[in-house]
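Here are the chains, one letter per residue:
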Amino acid sequence: MAAKDGELTDPAIPAESTTVVVIGAGPAGLTVANLLRRCGVDCVVLECRTQAYVTQRQRAGIVETRAVRMFDAWGLADRVLGGVPSDGTLEFRVDGERHLVSDGDGSDGPQARICPQQVLVQKLMAAYLDDGGDLRFEAADVSLHDLTGDRPTVRYRDADGELRAIACAFVAGCDGDRGISRASVPDGVLTAHAFDHGIGWLTVLADTPPPPRPLLAVSRHGYAAHFSRGPHTSRYYLQCPPDDDPKAWTDPRVWEALRTRLGDPALPSGPITEREIFRLRSLVHDPMQYGRLHLVGDAAHIVSPMGGKGMNLALYDADLFARAVRDFVRDGDDGPLRTYSRRCLRRVWNDQEFSHWLTRTLHDAGDDTGAGSFHRGLARARLDRLFTSRAADGAFAELMAGLDPEASTAH
Ligand code: APR
């Protein structure tokens with residue numbers, strides 16, 4: 001998206017300057033903004049939606065152990081993490097039979113938290129604004145210019161309809177899969193690695209008692225899950241054809257399917273406040289960088305939801321990006337910025353593999369019509385290994401916690 005010089009120097013457009021312009025105020029953008037402020041780097045966040053929309057949007061629900069420790073290392077854990085600590089176990093229910101599996105790796109230090117995404121977003125926003133952060137909602141027509149030069153410019157129309165321009169040293173593209181940041185990279189620069197799992201999930205939010213721990217169920221009727229989204233709120237998932245009509249899932253049909261698949265005839269029903277069907281898909285863009293633009297979170301990659309890695313990967317990218325900018329601004333060291341994409345992608349592929357493995361295992365194990373009986377046998381063998389082998393459980397817990405040697409990188 002090349003800009004004409006005349007446009008950028010238009011005296012009618014108020015010109016501002018900052019170190020980093022952050023596009024998008026989701027978990028990725030707000031984390032980048034908070035971390036940059038912690039190390040004294042100035043930034044401006046541009047968000048196209050209203051504050052009310054951003055703070056209410058419901059999505060992920062678990063902040064993995066690695067991410068909790070990341071916020072702790074930045075001195076932000078108490079301010080930005082809500083919810084409750086995870087008790088370190090997951091329940092798998094196979095044909096109604098209970099199996100508890102550890103998802104805590106047993107290491108010292110703060111553990112994963114069951115923290116709905118909108119709670120994290122609200123707290124990140126409050127922390128940033130309380131510290132005097134610059135966050136502009138309803139920023140329309142955002143466009144990025146001169147990304148391969150030393151001084152990119154970001155233009156947008158503010159909430160009053162006025163055109164504005166901000167010159168900066170770096171742009172953090174945190175505007176999700178459909179944002180403007182990745183779309184501003186010329187064709188042929190990024191390679192997209194995409195995968196459609198051919199699986200749909202009906203997702204339902206309801207005012208019902210949450211389960212004591214995350215519950216994932218396998219049966220011949222298909223996959224189902226039950227997670228906490230607060231003291232009186234639950235999120236449920238039901239495997240379904242990806243093109244199914246959510247309206248065909250009436251309340252009685254939802255509760256009957258959940259009781260059957262979770263093997264719990266006494267499961268209480270309650271008011272359903274949200275009902276949606278989405279396709280399970282995965283996507284990686286490589287590299288996650290173009291000139292002075294760095295892609296962070298969903299702008300660079302989508303992970304299928306199994307394993308809860310989408311938001312956690314966004315937090316990982318944000319941490320690496322903020323530290324890399326800090327090192328550049330403070331020490332003139334551009335090494336971490338140059339290796340940003342490579343280091344992020346290592347974890348992205350690690351988590352994609354984990355999520356893919358878990359997705360296949362839990363869907364193939366229950367559905368001998370879709371994947372075939374051979375794959376069903378393989379998936380059941382994987383579950384059996386997880387329930388009986390300490391080594392397999394240990395590897396699973398390490399992946400759930402997000403802990404590997406890279407995670408202990410010093411600040
Ligand atoms: N200009 C400004 N803001 C934009 C634009 C744009 N052109 N396009 C999108 N945005 C904003 C969206 O309104 C949203 O608030 O960018 C933000 C992107 O937020 P998310 O989609 O939540 O992406 P990210 O912050 O990377 O979230 C990471 O958490 O739960 C998961 O599914 C979620 O995996 C995602 C993850």
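Residues numbered from 1 in each chain as written. Predicted model: local features only at pLDDT ≥ 70, side-chain atom pairs only at ≥ 80, totals over all residues. Heavy atoms only, no water.

## Focus on the pattern of salt bridges
Counted by the stated rule, this structure contains 25 salt bridges. Note that Glu64 is salt-bridged to Arg66, the shortest N-O span being 3.0 Å. Taking relative accessible area as the criterion, Glu64 reaches 2% and is therefore assigned buried. Judged by its relative accessible area of 4%, Arg66 falls in the buried class. Between Asp134 and Arg136 there is a salt bridge, with the nearest N and O atoms lying 2.8 Å from each other. (Salt bridge = Lys/Arg side-chain N within 4 Å of Asp/Glu carboxyl O. Buried < 20%, exposed > 50% of the residue type's maximum accessible area, 1.4 Å probe, protein only.)

## What about the sheet that holds strand β1 (residues 15-17)?
Hydrogen bonds between backbone groups are what pair the strands of a sheet, and the pairing can be parallel or antiparallel. Taken in spatial order, the four strands line up as β1-β12-β11-β10 in an open sheet, and their pairing is mixed. Each end of this open sheet is capped by a strand with a single partner; those strands are β1 and β10 (140-145). Strand-to-strand twist of the sheet, defined as the mean angle between neighbouring strand axes without regard to direction, takes the value 20°. Sheet topology places β10 next to strand β11 (residues 153-157); four bridges connect them, and they run antiparallel. (Pairing = 2+ DSSP bridges. Helix = DSSP H or I, 4+ residues; strand = E, 2+ residues; numbered from the N terminus. Axes fitted to C-alpha atoms, helices over the stretch in contact; angles between N-to-C directions.)

## Comments concerning the pairing of strand β18 (residues 272-286)
Bridge count for strand β14 (residues 191-206) against β18 is 13 bridges, and the pairing is antiparallel. In the sheet register, Leu205 faces β18, and the bridge partner there is Glu274. Inspection of the sheet shows β18 paired to strand β21 (residues 301-302) by two bridges, in the antiparallel sense. Within β21, the position partnered with Val284 by the bridge is His301.

## Description of helix α12 (residues 373-388)
Here α12 is 16 residues long and its end C-alpha atoms lie 22 Å apart, about the 22 Å a rise of 1.5 Å per residue gives. Buried residues of α12: Ala379, Leu383 and Leu386, and no others. The buried residues of α12 occupy an angular sector of 55° when projected down its axis, which confines them to one face. What points out from α12, more than 90 degrees from its buried face, is the exposed set Ser373, Phe374 and Thr388. Close packing links the buried residues of α12 with β6 (89-94), β7 (97-102), β15 (215-218), α11 (340-364) and α13 (390-401). (Expected span 1.5 Å × (residues − 1). Arc of directions from axis to C-beta. Contact = heavy atoms within 4.5 Å.)

## A closer look at the nonpolar core
Formed by 75 residues in total, the largest nonpolar core has its most connected members in Val20, Val32, Leu46, Phe71, Leu120, Val154 and Phe321. Of the residues forming this core, the biggest block, 11 residues, is contributed by helix α9 (residues 310-331). Ignoring anything within four residues of it in the chain, the contact list for Phe71 reads Thr31, Leu76, Ala77, Val80, Leu81, Leu120, Leu124 and Leu315. Ala225, Met306, Leu386 and Phe396 belong to the second largest nonpolar core, which has 23 residues in total. (Core = buried A, V, L, I, M, F, W, Y, C linked by side-chain atoms within 4.5 Å.)

## Section: helix α4 (residues 65-73)
With respect to burial, α4 is a largely interior element, seven of its nine residues being buried. All of the buried residues along α4 are Thr65, Arg66, Ala67, Val68, Arg69, Met70 and Phe71.

## Overview of the packing of α11 against α13
For any two helices packed against each other, the geometry is given by the interaxial angle and the distance between the axes. Axis separation between α11 and α13 bottoms out at 11 Å; the angle between their running directions is 125°. Overall, the two elements α11 and α13 adopt an arrangement that is oblique. For the pair α11 and α13, the crossing hand works out as left-handed. Touching Asn350, Phe354, Trp357 and Leu358 of α11 are Phe396, Leu399 and Met400, all from α13. (Parallel < 35°, antiparallel > 145°, perpendicular 65-115°, else oblique. Left-handed = near helix turned anticlockwise from the far one by under 90°.)

## Some points on the pairing of β14
Bridge analysis of β14 against strand β17 (residues 234-240) gives seven bridges, and the strand direction is antiparallel. Within β17, the position partnered with Val204 by the bridge is Tyr236.

## Considerations on the sheet that holds strand β8 (residues 113-114)
The three strands are arranged β4-β8-β5 in an open sheet whose pairing can be described as antiparallel. Of all strands in the sheet, those bounded by a partner on one side alone are β4 (62-63) and β5 (84-85). Pairing geometry for β5 and β8, over two bridges, is antiparallel. By the bridge assignment, Pro85 is partnered in β8 with Arg113.

## Comments concerning the site of the ligand
Surrounding the ligand, one finds 25 residues, the nearest of these being Ala28, Glu47, Arg57, Gln117 and Asp298. Side-chain polar atom of Arg57 to an oxygen atom of the ligand: 2.8 Å apart, as the coordinates give it. Between an oxygen atom of the ligand and a side-chain N or O atom of Asp298, the distance comes to 2.6 Å. The protein chains hide 88% of the 720 Å² of surface that the ligand would expose on its own. Counting residues per element, the ones that place at least two in the shell around the ligand are α2 (27-38) and α9. In terms of residue count, α9 provides more of the shell around the ligand than any other element does, three residues in total. In the shell around the ligand, the residues fall into 12 nonpolar, seven polar and six charged. (Near = heavy atom within 4 Å. Polar contact = N/O pair within 3.5 Å; in protein donor to acceptor, adjacent residues only side chain to side chain. Areas by Shrake-Rupley, 256 points an atom, 1.4 Å probe, with all protein chains shown as cover. Nonpolar A, V, L, I, M, F, W, Y, C, P; charged D, E, K, R; others polar.)

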